[in-house]
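# Coordinates in review
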Amino acid sequence: MNEKKIKSFLINGFAAPAEEEVAEAPEEAEETPETGEEAFEETEEEPIQDDRLDQRLESIEDELLKMRYILEDLRDREPAPQPDMSPYLTTKEQMKAVQASVERKEVEVSNKALVAAMEQIAVMREDFFRLCQSMKDRIGEMTPQDVLSSFEAYEVDMENILRDGGVYIGPFEYERLNTIHQRIVGVIETDDREKDGTIAERHTEGYKLGNRVILKEKVSVFKYAAPAAETPSETDSETASEDSVEEQE
């Protein structure tokens, strides 16, 4: 093998052109070493050419290894696939189902409280009818104080019904007017700016169920009013009138 054939092998592989083989075949047959020196030279050229081929093959293998390492490095750099979290995500339908369940629970609790309140109101109504019938039978014997005390007993019954239903009854904790919880029924003037808008007097209690105000607390509030300043003309006239009165005396 000469250098030309090696180059042809590296470029074209095993499919070498047929013309070159035909053309070179006679030359190989005609070439015969005439002396021992020429034969020795030909035998020394072949290992050199094989070494070159081996070197080229090794360089090709090195390049392939480099490409392999590069590809492996790129593969390692790719982000790892994220796990499928869809089974743990809440869908729109699941949210609707949860909301519906919560609403049903709230309705059930409200219905229980309402039914209990209605039962107590029904009992109180029957008691009121019996009281009225008893008062008719003893109308001539009862004093006004007896009649008043009979109706005052229902105040306790109504308060028990409301409290059993979860209603808060009493003054709200606001010392300054809060229009969500309080209603103004009176205004008291004051010359103190710090008292402006604060509660002056509480007239009725407030009623609240959970976060909902059922009945606002009725209050009177302070309103700042600047004191009327005396004008110079009025002061002078009052001083002159006082001087004239003293002179007459």
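Residues numbered from 1 in each chain as written. Predicted model: local features only at pLDDT ≥ 70, side-chain atom pairs only at ≥ 80, totals over all residues. Heavy atoms only, no water.

## A closer look at the overall build of the protein chain
The following threshold applies: Secondary structure elements are taken from DSSP: a helix is a run of H or I of four residues or more, a strand is a run of E of two residues or more, and numbering for both begins at the N terminus. Burial status follows relative accessibility: with a 1.4 Å probe on protein chains alone, a residue under 20% of its type maximum counts as buried, one over 50% as exposed, and anything between as partly exposed. We call two residues in contact when some of their heavy atoms are within 4.5 Å. Only the protein chains shown count as covering a residue, and every accessible area follows the Shrake-Rupley method with a 1.4 Å probe.
Of the regular secondary structure elements, the protein chain holds six helices and six strands. When the helices and strands of the protein chain are placed in sequence order, the string is α-α-α-α-α-β-β-β-β-β-β-α. Burial statistics for the protein chain: of 249 residues in total, 12% are counted as buried. Across the protein chain, every contact between residues at least 6 apart in sequence was considered, and the portion connecting residues at least 24 apart equals 59%. Of the accessible surface of the protein chain, which amounts to about 20700 Å², a share of 54% is contributed by carbon and sulfur atoms.

## Thoughts on the nonpolar core
We count it as follows: In plain words, nonpolar cores are sets of buried Ala, Val, Leu, Ile, Met, Phe, Trp, Tyr and Cys residues tied together by side-chain atoms within 4.5 Å.
Counting residues in each nonpolar core, the largest one holds seven residues, listed as A117, M124, L131, M135, M142, Y154 and I161. At the level of elements, α4 (92–137) and α5 (144–164) are the ones that each hand at least two residues to this core. The biggest single contributor to this core is α4, with four residues.

## Observations concerning the pattern of salt bridges
The criterion, for reference: Whenever a carboxyl oxygen of Asp or Glu lies within 4 Å of a side-chain nitrogen of Lys or Arg, that contact is scored as a salt bridge.
For the structure on display, the rule yields five salt bridges. Residue R130 is joined to D127 by a salt bridge in which the shortest nitrogen-to-oxygen separation is 2.1 Å. Pair noted here: R130 and D127 are both in helix α4, with a separation of three residues, about one helical turn. On the accessibility criterion, R130 (53% relative accessible area) is exposed. Residue D127 is classed as partly exposed on the basis of its relative accessible area, which comes to 27%.

## A closer look at the sheet that holds strand β2 (residues 182–190)
As a reminder, the rule being used: Two strands qualify as a pair provided that DSSP identifies no fewer than 2 bridges between them. Simply put, an axis is a line fit to the C-alpha atoms, just over the touching stretch for a helix, and the angle between two N-to-C directions goes from 0 to 180 degrees.
With mixed pairing, the three strands of this open sheet are ordered in space as β2-β6-β3. One side of each edge strand has no neighbouring strand; the edge strands of this open sheet are β2 and β3 (199–202). Along the sheet, successive strands turn relative to each other by an average axial angle of 30°, direction set aside.

## Regarding the layout of surface pockets
Short version of the rule: Lining residues are defined by having an atom within 4 Å of a point belonging to a cavity or pocket. Those points lie on a 1 Å grid over the protein atoms alone, cavities being sets where a 1.4 Å probe fits but cannot get out and pockets being open sets with protein on both sides within 12 Å along at least five of seven lines. Grid points are joined across faces, edges and corners, and a volume is the space filled by probe spheres set on the points. Any residue that is not Ala, Val, Leu, Ile, Met, Phe, Trp, Tyr, Cys, Pro, Asp, Glu, Lys or Arg is counted as polar, Gly included; the first ten are nonpolar and the last four charged.
The space that makes up the second largest pocket amounts to roughly 310 Å³. Lining the second largest pocket we find 13 residues, and of these L114, A117, L162, G165 and V167 sit closest to its centre. If you list the elements that add at least two residues to the lining of the second largest pocket, you get α4 and α5. For the lining of the second largest pocket, the residue count by class is 11 nonpolar, two polar and no charged.

## What to know about α5
The condition is simple: By this rule, a helix spans an expected 1.5 Å times one less than how many residues it contains.
Here α5 spans 32 Å end to end across 21 residues, near enough to the 30 Å set by a 1.5 Å rise per residue. Buried residues belonging to α5 abut α4. Phi turns positive one or two residues past the end of α5, at G166, with a value near 90°.

Nothing here speaks to function; it is all geometry.
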